[in-house]
Amino acid sequence: MKYYILFGPPGAGKGTHAGAIAQKYNLKHLSTGELLRAEIAAGTELGLKARDLIAAGNLVPDEIVEGMIENAFDTIKGVDGFLLDGFPRTIAQAEALEQMTAARNDEVTGVISIMIPDAVVHERIAHRAAIEGRADDASDATITHRIETYHAQTEPLIDFYKAKGKYHEVCGYPGSIDDVRERVLSLVEEF
Ligand code: AMP
């Protein structure tokens, strides 16, 4: 199985490009953010636990997202692999993922990172707020907090995967959506 990680700050375009990659390589796109929003919409116990944390721009506890990912690995069949979008977001999650793949006699195939400057993160999320109506996109303070959370907790994953020779990066800015998609797809082609 292939285990690709789609990496980058909030608003980098992970969700925008995931579909094209998943389709081309017959991967299941797993967005922990989308899975969590579905739990909230369905009013589940897990959704209730996650709702306020997400709205405030904080991460939900590692065990919650690790459980969602492991459950997907166990139950989803008929694909050549997984495209993880928004997971892992902490070193602890990355270590849990190492264990999950090792338990399946496999390993992370590679990290596809889309990088954009912080100023562009703000601009993109403010624009997305008007379209998608996400609570965590709504206020400037929350966006700023998510950027800080990204730098503090998620950015260390770059060195984690560089040390394993698995980190690959493209520029998500400047360029049109088509330009960036082209960059992302040709990067994956090199793996
Ligand atoms: P996203 O759609 O990837 O921007 O995720 C939206 C929100 O869901 C994040 O700001 C977090 O609050 C939560 N979330 C998504 N993925 C994770 C994760 N891997 N670890 C912890 N929290 C997450």
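Above this text is the structure in question.
For the structure given in this document, a descriptive report is provided here. (Residues numbered from 1 in each chain as written. Predicted model: local features only at pLDDT ≥ 70, side-chain atom pairs only at ≥ 80, totals over all residues. Heavy atoms only, no water.)

1. Quick word on the packing of helix α2 (residues 32-42) against helix α3 (residues 45-55)
- The interhelical angle for the contact between α2 and α3, taken along N-to-C directions, is 115°, at an axis separation of 8 Å. With respect to the hand of their crossing, α2 and α3 are arranged in left-handed fashion. Contacts from Leu 36, Glu 39 and Ile 40 of α2 reach α3 at Leu 46, Gly 47, Ala 50, Arg 51 and Ile 54.
- Across the contact of α2 with α3, the residue classes tally to five nonpolar, one polar and two charged. (Axes fitted to C-alpha atoms, helices over the stretch in contact; angles between N-to-C directions. Helix = DSSP H or I, 4+ residues; strand = E, 2+ residues; numbered from the N terminus. Left-handed = near helix turned anticlockwise from the far one by under 90°. Contact = heavy atoms within 4.5 Å. Nonpolar A, V, L, I, M, F, W, Y, C, P; charged D, E, K, R; others polar.)

2. Observations regarding the pairing of strand β4 (residues 110-115)
- Counting buried positions along β4 yields six of six residues, so the element is predominantly enclosed.
- The two faces of β4 match: Gly 110, Ile 112 and Ile 114 on one face and Val 111, Ser 113 and Met 115 on the other face are all buried.
- Taken together, the four bridges between strand β1 (residues 2-7) and β4 define a ladder with parallel strand orientation. Looking at β4, one finds that Phe 7 is bridged to Ser 113.
- Bridging between β4 and strand β5 (residues 167-171) involves five bridges; their strand directions are parallel. Counted as the bridge partner of Ile 112 is His 168 from β5. (Buried < 20%, exposed > 50% of the residue type's maximum accessible area, 1.4 Å probe, protein only. Pairing = 2+ DSSP bridges.)

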